Number of protein chains: 4
Amino acid sequence: MFLEPKLAEHAKKIDAALPLEKMKTDLLVTIGGDGTILRTCLLIPKPEPPILAINMGVRGFLAEVTPKEGLEAVDRCLEGRFTLERCMKLASFIGDARMPDALNEVFITSCAPAKLLYARIWKDGVAVTECRADGMVVASQVGSTGYSLSGGGPVLDPEVDAFVLTPVIPLTAFHPIVFSAKSTISVELLKPKRAVVVIDGHYRTSIEPKHPRITITKSEYESSFVRFRGNFYHRLKGRLLFSRGEGL
Amino acid sequence: MFLEPKLAEHAKKIDAALPLEKMKTDLLVTIGGDGTILRTCLLIPKPEPPILAINMGVRGFLAEVTPKEGLEAVDRCLEGRFTLERCMKLASFIGDARMPDALNEVFITSCAPAKLLYARIWKDGVAVTECRADGMVVASQVGSTGYSLSGGGPVLDPEVDAFVLTPVIPLTAFHPIVFSAKSTISVELLKPKRAVVVIDGHYRTSIEPKHPRITITKSEYESSFVRFRGNFYHRLKGRLLFSRGEGL
Amino acid sequence: MFLEPKLAEHAKKIDAALPLEKMKTDLLVTIGGDGTILRTCLLIPKPEPPILAINMGVRGFLAEVTPKEGLEAVDRCLEGRFTLERCMKLASFIGDARMPDALNEVFITSCAPAKLLYARIWKDGVAVTECRADGMVVASQVGSTGYSLSGGGPVLDPEVDAFVLTPVIPLTAFHPIVFSAKSTISVELLKPKRAVVVIDGHYRTSIEPKHPRITITKSEYESSFVRFRGNFYHRLKGRLLFSRGEGL
Amino acid sequence: MFLEPKLAEHAKKIDAALPLEKMKTDLLVTIGGDGTILRTCLLIPKPEPPILAINMGVRGFLAEVTPKEGLEAVDRCLEGRFTLERCMKLASFIGDARMPDALNEVFITSCAPAKLLYARIWKDGVAVTECRADGMVVASQVGSTGYSLSGGGPVLDPEVDAFVLTPVIPLTAFHPIVFSAKSTISVELLKPKRAVVVIDGHYRTSIEPKHPRITITKSEYESSFVRFRGNFYHRLKGRLLFSRGEGL
């Protein structure tokens with residue numbers, strides 16, 4: 001058993017410390033909210049081990065069990081009494097460089113707030129359309145219930161082999177487009193030729209004028225989560241209800 | 001060569017008249033707008049012959065050629081110099097009765113304007129969620145660019161094997177959901193147990209309290225259109241630009 | 001004290017029965033949901049007496065007190081210990097005929113589901129724009145939180161002297177427009193020249209080709225509601241939370 | 001006659017150069033697009049002189065005349081043959097500091113892309129609601145046709161005495177709210193207590209944790225534009241059509 005270094009320090013088990021980047025394990029247990037899971041999936045070696053997510057956050061859409069149920073859940077895992085939910089990830093490339101795979105979404109946005117990006121969208125090498133917007137999100141099925149949804153995108157059922165491109169605050173009328181997961185999508189920056197890329201809310205990089213293009217497609221890797229019960233729509237409803245409790 | 005009866009009368013070729021329901025031909029030529037194509041596809045025997053659509057309507061999203069190009073287009077068809085665009089259709093069932101397949105969409109709505117439907121959505125026998133809305137649209141890839149889009153639904157790329165359920169004026173927050181075309185979706189009416197069903201804007205029937213449920217899935221049949229050029233997004237842009245020329 | 005005839009029958013006080021159309025009283029008590037209040041306001045003589053609304057419905061946005069609090073509330077009214085919330089109403093005219101004033105909204109829609117209306121909008125005799133949509137809603141401040149909101153309209157603060165025109169499933173891009181309450185708005189039907197008009201969800205009439213136009217402006221009358229506490233946004237949140245508990 | 005310093009340099013009339021901040025003139029002529037007008041209005045001394053806007057930009061919503069018509073337009077101004085369109089501006093305050101008045105909008109957003117702001121909205125000292133979103137826009141009537149519209153806000157008719165608060169990518173359901181221009185609105189940052197403020201797309205400042213609140217109300221100043229013809233909706237349609245020509 002290995003512990004993430006900070007956790008190892010807390011638990012005073014420094015000997016068990018191992019950076020996430022080196023954790024080649026058979027099972028990975030995360031304790032935290034969805035943000036913890038997303039950060040973990042960005043870092044761990046590929047292919048990823050199954051993840052048992054214990055929910056300490058307020059909105060646990062990805063997580064499965066409460067802290068109380070944690071120990072019993074580990075036992076069930078060791079006995080093999082669980083199902084695995086396999087989740088598609090998105091690979092993205094800027095020039096020759098590959099970004100870490102996204103479990104939720106790849107978000108391309110302008111370098112300053114309320115500044116427009118003017119971009120051309122390509123699908124398998126064919127120009128689809130142009131778009132003027134604050135940004136564009138490409139989201140997986142799991143990610144379709146997150147930032148893409150807030151931007152007006154649809155929910156993608158977990159069984160549909162697809163991802164969705166959702167514009168963020170489009171100046172020109174531009175509807176979300178659902179592409180087959182077999183497609184390769186490129187966003188070519190026309191003006192400016194510079195943008196910020198945020199993957200799963202944590203990994204940040206930039207697109208620079210010498211390669212003003214990002215290419216996104218289904219990854220050969222996936223994330224997989226231990227499930228004992230419930231289903232996608234049940235968890236989705238829980239998450240949406242939570243967030244609806246606040247607004248107007 | 002056969003002519004649709006009204007056309008035969010116009011053209012004074014009564015001998016060639018044959019009702020659409022009996023037109024088992026190798027190629028079918030439609031002259032008109034998208035409405036003409038949709039009506040034709042509702043009626044012709046299955047499996048459907050390829051359709052060469054000559055555009056006389058204002059917004060020809062499905063149609064391919066102008067009247068001027070019509071004769072040359074027929075020649076190219078006879079010589080086999082064309083590609084076929086195959087389009088998924090949606091089968092729908094109320095009790096034991098099968099409705100005509102939809103090329104665009106199946107629309108379920110209340111019997112009076114501005115009256116709510118309260119319905120439960122099922123996917124492959126599992127309850128997904130409930131919805132209160134004026135109506136619900138289930139649209140194919142082609143249909144995703146029509147009424148579903150006006151209701152806030154996404155564009156489905158022609159290559160994604162999926163259909164979309166879009167709520168119409170939902171009272172409760174309800175996002176469009178994209179399902180795999182392998183799914184079977186049911187809309188169960190909870191209150192009232194009565195609704196109107198409109199298929200492709202032309203075929204109308206009703207759901208009655210004794211079977212308050214409609215089931216929708218991918219049809220074993222498809223419609224196919226003769227194409228010489230252009231692509232989906234090119235035609236879509238043409239259609240959307242037309243309609244944007246008017247509004248505010 | 002008078003009772004609405006059906007209620008009088010229930011309560012076996014037939015002598016006190018008086019049709020709503022003749023109820024010229026100093027205070028009017030409604031028992032029911034928002035639908036009851038809307039129906040009552042459509043019928044009672046103008047100017048309207050203050051209304052004390054006792055909530056028996058599931059979503060009481062307009063109502064103030066629970067059945068339990070009812071008697072005490074009547075006492076407080078008699079003692080003058082309350083404030084009045086005055087709500088703007090909308091007057092509407094088809095040709096020379098005046099419709100009953102709307103507390104919530106005037107809804108103009110096509111005669112058959114999913115059929116488009118093509119209309120021109122006028123403001124104080126000047127053409128504003130054209131619109132193709134399933135329908136159009138003109139809503140008051142109170143009504144802005146109802147059907148208009150579901151159609152994508154904004155919330156109008158009770159203090160803003162304005163009403164809002166919200167398109168319903170527009171084919172062409174068309175944004176809700178907020179007009180000064182001093183404006184007079186006309187919807188001119190271009191094609192077809194026939195439509196259904198629904199006022200406050202209850203009163204129905206039709207626009208016919210000989211006068212294919214409806215004119216809407218602020219009424220000289222208003223509805224007023226007895227209030228003991230709370231405020232608009234507090235009640236609005238209650239209503240929205242209720243409805244969000246259901247959807248996806 | 002004075003010239004803005006850069007223009008003076010271009011025109012080789014350095015003697016006539018005067019910074020915008022000191023231009024107390026009877027008429028001000030701008031040559032450029034809407035961005036030029038917005039920048040000018042941020043800088044010139046209050047109360048502002050009337051502006052004759054000559055359009056060199058691609059989308060001239062605020063501008064009135066083409067470069068060709070420019071000289072004739074100046075003549076008409078000198079002869080007094082024009083009308084003035086008076087436009088409300090928005091005053092905003094952070095702590096004791098007053099920001100430059102906004103002609104279009106005050107935009108409050110998080111310091112990093114795709115990071116949420118959690119804020120409470122106040123109206124005249126009373127809490128209205130909470131909101132989780134990437135940002136919030138408060139827009140005037142003129143500004144309602146700009147960034148606020150892209151975010152889903154309504155068009156405000158120029159005659160309605162109001163402004164609109166529109167959420168940008170709200171996580172929680174949150175509808176645009178139209179307030180009376182007599183209201184004073186505050187956005188109180190709950191978490192984080194830091195944000196970026198952008199006024200009319202040009203002036204940038206920040207909200208810091210020691211005064212985590214911005215207050216917005218109608219300014220005592222306004223901008224006024226020389227008009228010879230046309231009207232709001234005519235110009236709006238021109239602008240929207242332009243932008244619709246591009247998207248999907």
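Structural notes, computed from the coordinates.

Rules of the game
- Residues numbered from 1 in each chain as written.
- Chains lettered and ligands numbered in written order.
- Predicted model: local features only at pLDDT ≥ 70, side-chain atom pairs only at ≥ 80, totals over all residues.
- Heavy atoms only, no water.
- Contact = heavy atoms within 4.5 Å.
- Buried area = accessible area lost by both parts, 1.4 Å probe.
- Salt bridge = Lys/Arg side-chain N within 4 Å of Asp/Glu carboxyl O.
- Helix = DSSP H or I, 4+ residues; strand = E, 2+ residues; numbered from the N terminus.
- Nonpolar A, V, L, I, M, F, W, Y, C, P; charged D, E, K, R; others polar.
- Pairing = 2+ DSSP bridges.
- Disulfide = S-S within 2.5 Å.
- Least-squares fit on C-alpha atoms with pLDDT ≥ 70 in both.
- Phe/Tyr/Trp six-rings, centres within 6.5 Å; stacked < 30°, edge-to-face > 60°.
- Buried < 20%, exposed > 50% of the residue type's maximum accessible area, 1.4 Å probe, protein only.
- Lys NZ or Arg CZ within 6 Å of the ring centre and 35° of its normal.
- Polar contact = N/O pair within 3.5 Å; in protein donor to acceptor, adjacent residues only side chain to side chain.

1. Re the interface of chain B and chain A
- Listed as interface residues are 27 residues of chain B and, on the opposing side, 27 residues of chain A.
- Summed over both sides, the interface between chain B and chain A buries roughly 2100 Å², with carbon and sulfur atoms accounting for 56% of that surface.
- Joining chain B to chain A, the criterion identifies 4 salt bridges.
- A salt bridge links A:Lys123 to B:Glu159; the nearest nitrogen and oxygen atoms lie 2.9 Å apart.
- Within the residue set of the side of chain B that touches chain A, elements represented by two or more residues are strand 7 (126-139), strand 8 (155-156), strand 10 (177-180) and helix 5 (232-244) of chain B.
- Per-class residue counts for the side of chain B that touches chain A are 14 nonpolar, 5 polar and 8 charged.
- Looking at chain direction, strand 10 (residues 177-180) of chain A and strand 8 of chain B are connected through 2 bridges and run parallel.

2. Brief notes about the state of the cysteines
- The tally for this structure, following the rule as stated, stands at 0 disulfides over all chains.
- A:Cys41 takes part in no disulfide bond, and the closest cysteine sulfur, belonging to A:Cys87, lies 8.6 Å away.

3. Considerations on the relation of the copies chain D and chain A
- With an axial shift of 0.0 Å and an RMSD of 0.0 Å, the rotation relating chain D to chain A amounts to 180°. Classification of the inter-copy transformation places it as that of a two-fold axis.
- The share of interface residues of chain D whose copies in chain A are also at the interface is 100%, consistent with both copies meeting through the same surface.

4. Side note on the relation of the copies chain B and chain A
- Once chain B is rotated about the relating axis by 180° and shifted along it by 0.0 Å, it coincides with chain A to within an RMSD of 0.0 Å.
- Interface overlap between copies: 100% of the residues of chain B at the interface are likewise at the interface in chain A, consistent with a symmetric, same-surface contact.

5. Details of the packing of aromatic side chains
- For the structure on display, the rule yields 12 aromatic pairs over all chains.
- Relative to B:Phe179, the ring of B:Phe163 has its centre 6.3 Å away and its plane inclined at 45°; by these criteria the two rings are tilted. Placement of the pair is B:Phe163 in strand 9 (residues 162-170) and B:Phe179 in strand 10, with a sequence separation of 16 residues. Pair check on accessibility: B:Phe163 and B:Phe179 agree, each one buried.
- The ring of D:Tyr118 has D:Arg132 lying over it, and the distance from NZ or CZ to the ring centre is 4.0 Å.

6. Observations concerning the interface of chain D and chain A
- If you look at the interface, chain D gives 31 residues, while chain A gives 31 residues.
- Carbon and sulfur atoms make up 58% of the surface buried where chain D meets chain A, a total of about 2700 Å² over both sides.
- Summed over the shared surface of chain D and chain A, the number is 0 salt bridges.
- Seen at the junction of chain D and chain A, the total is 6 residue pairs in polar contact (both at pLDDT 80 or more).
- Those elements that place two or more of their residues in the side of chain D that touches chain A are strand 5 (105-109), strand 7 (126-139), helix 4 (147-150), strand 9 (162-170) and strand 12 (195-199) of chain D.
- With 4 residues, the single largest contributor to the side of chain D that touches chain A is strand 7 of chain D.
- Considered class by class, the residues forming the side of chain D that touches chain A number 15 nonpolar, 9 polar and 7 charged.

By themselves, these observations are geometric and do not establish any function.
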